[in-house]
Amino acid sequence: MKRIAVLISGSGSNLEAIIKSCNSNLINGKVISVISNNPDAYGLVRASNYKIDTKIINHNQFSSRNEFEEVLEDYLDQLNVDLIVLAGFMRILGKKIINKFSSKMINLHPSLLPLYPGLNTHEKALSNKDKEHGVSIHFVSTELDAGPIIAKGVININNNEKIETLVDRIHKIEHKLLPKIISQICEGNI
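One structure accompanies this document, and this report is about it.

The rules behind each value
- Residues numbered from 1 in each chain as written.
- Predicted model: local features only at pLDDT ≥ 70, side-chain atom pairs only at ≥ 80, totals over all residues.
- Heavy atoms only, no water.
- Core = buried A, V, L, I, M, F, W, Y, C linked by side-chain atoms within 4.5 Å.
- Buried < 20%, exposed > 50% of the residue type's maximum accessible area, 1.4 Å probe, protein only.
- Helix = DSSP H or I, 4+ residues; strand = E, 2+ residues; numbered from the N terminus.
- Axes fitted to C-alpha atoms, helices over the stretch in contact; angles between N-to-C directions.
- Parallel < 35°, antiparallel > 145°, perpendicular 65-115°, else oblique.
- Left-handed = near helix turned anticlockwise from the far one by under 90°.
- Contact = heavy atoms within 4.5 Å.
- Nonpolar A, V, L, I, M, F, W, Y, C, P; charged D, E, K, R; others polar.
- 1 Å grid on protein atoms, 1.4 Å probe; cavity = no way out; pocket = protein on both sides within 12 Å on 5 of 7 lines; lining within 4 Å.
- Points joined across faces, edges and corners; volume = space filled by probe spheres on them.
- Phe/Tyr/Trp six-rings, centres within 6.5 Å; stacked < 30°, edge-to-face > 60°.
- Lys NZ or Arg CZ within 6 Å of the ring centre and 35° of its normal.
- Pairing = 2+ DSSP bridges.
- Right-handed = clockwise from strand over helix to strand, strands pointing away.

1. Quick look at the nonpolar core
Next, step 1: Core analysis: the biggest nonpolar cluster contains 34 residues, and I4, V6, I18, V31, V85, L178 and I182 have the highest contact counts within it.
Next, step 2: Broken down by element, this core gets its largest block of residues, eight residues, from helix 6 (residues 163-186).
Next, step 3: I35, Y75, L86 and V140 belong to the second-largest nonpolar core, a separate cluster that totals 20 residues.

Put into C-alpha cells, the structure is as follows:
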C-alpha cells in the first residue's frame, strides 16, 4: 500500500475524493498526511473527519520562500511518502524541493494545459469563448504548470455558460480523474 501526502490550500473537495477512493480500495494507497499552507483551509476539517493527520505549514510565518520550503521538505522526508499530490495547493514551489520530489509529485490544474497556466483559468476559458475546457494532471516541474502531462479531462463549454456551472462541472471531472490517475500510479502503471 502506497503512502500518499496531499497538499492543499482550500476546501479539499479533491482531497475527499482521494480519501474515499482509498477507503473503498479503488486506490492501493492511504493518505497518511494532509498538509496545508492555509490554517483556515476547510480541507483540514475534511481530513480530520477521516482521522487523517494534518499539518499546517503557514507560509506567512516564514521570512522567505526558502525557509517555508525547507520546513515542508523536512516534513515530507519524515513522512517517507511514495506520492505527493498537489490538490488545490496555491503556492509555487522552488527548484530545490521540486527537483528532490519531482518523480513522485503530481499536480491537478484546472485547464487544458498548456493553455492557461497559473490562476483564473475558468474566467480565461469563458472570456476567450473557448469551446472546450477541462483539467490536466501532470508531474510537477520547475516551470509553472509545465511538467509532463499524465492525463486530461475535457468538457464542452455550453453556450452562455456561467462560471459557477463551469466550475461545478470541472470539479466533477476532477473528482473522477484524479483518483483514477493516483490509482494507476500506485499500481505502477504510470
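There's more to say after this.
2. Quick notes on the packing of helix 1 (residues 13-23) against helix 6
Next, step 1: Put simply, helix 1 and helix 6 touch, their axes get as near as 9 Å, and they point 45° apart. When the axis of helix 1 is compared with that of helix 6, the two are oblique. Relative to helix 6, helix 1 is oriented so that their crossing is right-handed. Residue-level inspection shows S13, N14, A17, I18 and S21 of helix 1 in contact with helix 6, the latter providing H171, E174, H175, L178, P179 and I182.
Next, step 2: Looking at side-chain class alone, the contact of helix 1 with helix 6 contains five nonpolar, five polar and one charged residues.

3. Focus on the layout of surface pockets
Next, step 1: Considered as a void within the structure, the largest pocket measures approximately 830 Å³ in volume.
Next, step 2: Surrounding the largest pocket, 37 residues form its lining, G88, F89, M90, L108 and P110 being those nearest its centre.
Next, step 3: Elements with a contribution of two residues or more to the lining of the largest pocket: helix 1, strand 5 (105-109), helix 5 (121-127) and helix 6.
Next, step 4: Classifying every residue of the lining of the largest pocket by side-chain character gives 14 nonpolar, 17 polar and six charged.

4. Quick look at the packing of aromatic side chains
Describing an aromatic ring pair means giving the distance of the ring centres and the angle of the ring planes.
Next, step 1: The final tally for this structure, using the stated rule, is one aromatic pair.
Next, step 2: Here the aromatic rings of F62 and F68 are separated by 6.0 Å at their centres, their planes lie at 65°, and the arrangement is edge-to-face.
Next, step 3: When the ring centre of F68 is taken as reference, the NZ or CZ atom of R91 above it lies at 5.9 Å.

5. Some thoughts on the side chain of S21
Next, step 1: Counting through the fold element by element, S21 comes out in helix 1.
Next, step 2: Residues within four places of S21 in sequence aside, it is in contact with L26, I27 and P179.

6. Focus: unusual backbone geometry
Next, step 1: Residue P114 is bonded to the preceding L113 through a cis peptide linkage, with omega at 15°.
Next, step 2: Secondary-structure assignment places P114 in the loop between strand 5 and helix 5.
Next, step 3: Backbone geometry places N25, a non-glycine residue, at a positive phi of 65°.
Next, step 4: Relative to the assigned elements, N25 resides in the loop between helix 1 and strand 2 (29-36).

7. Section: the sheet that holds strand 2
Next, step 1: Taken together, the seven strands give an open sheet; going across it, the order is 3-2-1-4-5-6-7, and neighbouring strands pair in mixed fashion. One side of each edge strand has no neighbouring strand; the edge strands of this open sheet are strand 3 (54-56) and strand 7 (149-156). When strand polarity is set aside, the average angle formed by the axes of neighbouring strands in this sheet is 20°.
Next, step 2: Bridge count for strand 4 (residues 83-86) against strand 5 is three bridges, and the pairing is parallel. Note that in strand 5 the partner of I84 across the bridge is M105.
Next, step 3: Taken strand by strand, helix 1 contacts strand 1 (2-8), strand 2, strand 4 and strand 5, and its axis lies near 160° from that of strand 2.
Next, step 4: Where helix 2 (residues 42-49) meets the sheet, it contacts strand 1, strand 2 and strand 3, and its direction lies at approximately 155° from that of strand 3.

8. Quick word on the pairing of strand 5
If a strand is regular, its side chains alternate between the two faces of the sheet.
Next, step 1: Across the five residues that make up strand 5, a large majority, five, are buried.
Next, step 2: Since strand 4 and strand 5 lie parallel, the crossover through helix 4 (residues 95-101) that links them has a hand, and here it is right-handed.
Next, step 3: In the sheet, strand 5 pairs with strand 6 (residues 132-139) via four bridges, with the strands oriented antiparallel. By the bridge assignment, I106 is partnered in strand 6 with F139.

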